[in-house]
Amino acid sequence: MHAFPHALTHADRAAELTAEAAAWRLAREAAPAATPALPALRNRLGEALVAAGTRLLQPAPAHARVRHHAA
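Summarised in this report is the structure supplied together with it. (Residues numbered from 1 in each chain as written. Predicted model: local features only at pLDDT ≥ 70, side-chain atom pairs only at ≥ 80, totals over all residues. Heavy atoms only, no water.)

**Some thoughts on the overall build of the protein chain**
In step 1: Assigned secondary structure in the protein chain consists of two helices and zero strands.
In step 2: Carbon and sulfur atoms provide 68% of the accessible area of the protein chain, an area that totals close to 6800 Å². (Helix = DSSP H or I, 4+ residues; strand = E, 2+ residues; numbered from the N terminus. Areas by Shrake-Rupley, 256 points an atom, 1.4 Å probe, with all protein chains shown as cover.)

So this is what it looks like as structure tokens:
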């Protein structure tokens, strides 16, 4: 009685491990094709971050500043 549910549990786990191994294999096979694009993507991301930081460090235009009037 106990053997059948136990066997099903092992079969389910084996199917999960097989699917996970297949996914990892596909990812490893696809990685060399995607690898040359990574440095270019990293450079573009770095340039965008530097540009955003530069814009944040510049003073805001006069019309964009909030002005408080003394009462």
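**Observations regarding the pattern of salt bridges**
Opposite charge on two side chains allows them to pair when their charged atoms are near.
In step 1: Here the structure, examined in full by the defined rule, presents one salt bridge.
In step 2: In this structure, Glu 16 engages Arg 13 in a salt bridge whose closest nitrogen and oxygen atoms are separated by 3.2 Å. Of this pair, Glu 16 and Arg 13 are both found in helix H1 (residues 3-34), three residues apart, which corresponds to roughly one turn of the helix. (Salt bridge = Lys/Arg side-chain N within 4 Å of Asp/Glu carboxyl O.)

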